[in-house]
Amino acid sequence: MTDDKLKRRLTTVLCADVHGYSRLMGVDEAGTLATLRRCRTAIAGLVERHDGRIVNTWGDAVIAEFASVVEAVQCAVEIQQEISGRNADPPHAAEMRFRIGINLGDVMVDGSDIFGDGVNIAARLQDLAEPGGVVVSASVYDQVHNKLSLGFDCLGLQQMKNVAPVTSYRVTMGEQADGGHGFGVSEGPAPRVAAPEAGARQIDDRYAPPTWTNSLSDQLANLPRSIAVMLTVSGFLILINVFTGLHKIWFHWPVAALLFVAVLRTVLGHKPASDRRRGRWD
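One structure accompanies this document, and this report is about it. Note that the structure is a prediction, hence the values are computed from the model and not measured.

Each helix and strand in the protein chain was counted, giving 10 helices and eight strands. Taking all 282 residues of the protein chain together, 34% fall into the buried category. Residue pairs in contact within the protein chain that sit at least 24 positions apart in sequence constitute 63% of those at least 6 positions apart. Summing over all exposed atoms, the protein chain offers an accessible surface of approximately 17900 Å²; the carbon and sulfur share of this is 57%.

Next up, the structure:
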């Protein structure tokens, strides 16, 4: 009994095509076809390396499927790097740049071919990609964003022809040093910049006018330590006398003694060193 039931499977679909293929063919048919063949050979090798298979090729397009979403995205990045390297090679005068779209979805299977929205969405994502770029669907992003050292720019919900709107992401690997023809090495985190408010506060604090407390503390800091201590103690004694009542004034005796000691230490401190040595040994 023949089983006519339609077969389906969940798979990762990669669609790639050449940007400006018709223009390239109009300029140099033979050269463009030769370059396309070389690129397809390189793509087939990378797809096989990542355990995928080429489903179909027509015109300038390539459709491949992968059991692993991670392998599909890695393959796409390597394809763009490989094609970019080939374009930089002088013998290949005709520059060829691919756009790639990747989708994880349910597809219908007919022999070795696949059909359905899973394929159509990958093709529409390919149309959104920049030359030399890769665009993936949200279903792909959810599976790989924390497994690969890649960046992803959300393009938002995109309206697509004949399929439901799909949230898509552009794959990035930092700033592209070659003008967007391929993927460069990801840059480190951007340097932290202080907030303007913090800088303003620092400037205000630095140039704020000094108060009498700041002036007094600065003057004490410039005095010898022993004299500064005596003056501080004298100030405390005066305050204690004031707060305990001025009907009996007693602070003048200890303060006078402290001031006398302070003056004496100041005078001795300014005595020439030779006089101090003579007084010590005479």
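Read on, since the account is not over.
Attention now goes to the environment of A61. On the secondary structure map, A61 appears in strand β3 (residues 61–66). Note on A61: relative accessible area 13%, which makes it buried. In this structure, the C-alpha to C-alpha distance between A61 and L36, residues 25 residues apart in sequence, is 10.0 Å. Leave out the neighbours within four places in its chain, and A61 touches A16, D17, R40 and N56.

Before going further, it helps to examine the pairing of strand β2 (residues 52–58). As defined by bridge partners, β2 adjoins β3 across six bridges and the pair is classed as antiparallel. Counted as the bridge partner of N56 is I63 from β3. Remark: two residues form the turn of the hairpin made by β2 and β3, two consecutive strands paired antiparallel; G59 in that turn has positive phi of roughly 60°.

Scanning the entire structure with this criterion turns up two aromatic pairs. One aromatic cluster in this structure is built from Y141, F152 and Y169.

All right, on to a nonpolar patch on the surface then. A cluster of nonpolar side chains, F236, I238, L239, I240, V242 and F243, forms an exposed patch at the surface whose accessible area comes to about 600 Å². Mapped onto the fold, L239 is located in helix α8 (residues 225–244). For L239, a relative accessible area of 45% translates into the label partly exposed.

Scanning the entire structure with this criterion turns up seven salt bridges. Its salt-bridge partner being R9, residue E65 comes within 2.6 Å of it at the nearest N-O pair. Of this pair, E65 sits in strand β3 while R9 sits in strand β1 (residues 7–18); the two residues are 56 residues apart in sequence, bridging distant segments of the chain. Accessibility expressed as a relative area gives 7% for E65, which makes it buried. Where R49 meets E78, a salt bridge forms, and the shortest distance between an N and an O atom there is 3.7 Å. Here the residue R49 occupies a position in helix α2 (residues 29–49), and E78 occupies one in helix α3 (residues 69–87), the gap between them amounting to 29 residues. Assessed through its relative accessible area of 59%, R49 is described here as exposed.

Here the focus is the environment of A76. Inspection of the secondary structure puts A76 in helix α3. Judged by its relative accessible area of 0%, A76 is buried. C-alpha of A76 to C-alpha of G101: the two residues are 25 residues apart in sequence and 8.6 Å apart in space. Sequence-distant contacts of A76, defined by excluding residues within four places in its chain, comprise L14, I100, I102 and V134.

Of all hydrophobic cores here, the largest spans 36 residues; its most connected members are F98, I100, I102, V136, V140 and V144. Take this core: its biggest share by element is nine residues, from α3. Setting aside residues up to four positions removed in sequence, V136 forms contacts with I102, L125, Y141, F152, T167, S168, Y169 and V171. C15, V55, I63 and V107 belong to the second largest nonpolar core, which has nine residues in total.

Reading the values: the criteria
- By convention here, each chain's residues receive numbers from 1 onward along its written sequence.
- In keeping with the model being predicted, local features are shown solely for residues with a pLDDT of at least 70 and side-chain atom pairs are shown and tallied solely at 80 or more, while totals for entire chains, interfaces and linings include all residues.
- Side-chain metrics rest on all non-hydrogen atoms present in the structure, leaving aside hydrogens and water.
- Runs of H or I in DSSP of at least four residues are treated as helices and runs of E of at least two as strands, each being numbered from the N terminus.
- Classification of residues uses two cut-offs on accessible area relative to the type maximum, computed with a 1.4 Å probe and protein chains only: under 20% is buried, over 50% is exposed, and between them is partly exposed.
- Whether two residues touch is decided by their heavy atoms; if any such pair falls within 4.5 Å, the residues are in contact.
- Only the protein chains shown count as cover for residues, with accessible areas throughout obtained via the Shrake-Rupley method and a probe of 1.4 Å.
- Criterion used throughout: strands pair if DSSP finds at least two bridges between them.
- Classification of ring pairs uses Phe, Tyr and Trp, with its six-membered ring standing for Trp, and accepts pairs whose centres are within 6.5 Å; under 30 degrees between planes counts as stacked, over 60 as edge-to-face, and the remaining range as tilted.
- Patches draw on residues past 30% relative accessible area with no salt bridge. Two like charges within 9 Å are joined, as are two nonpolar side chains (Val, Leu, Ile, Met, Phe, Trp, Tyr) within 5 Å.
- Only one rule defines a salt bridge in this text: a Lys or Arg side-chain nitrogen within 4 Å of an Asp or Glu carboxyl oxygen.
- Residue types Ala, Val, Leu, Ile, Met, Phe, Trp, Tyr and Cys, when buried and joined through side-chain atoms within 4.5 Å, form a set referred to as a nonpolar core.

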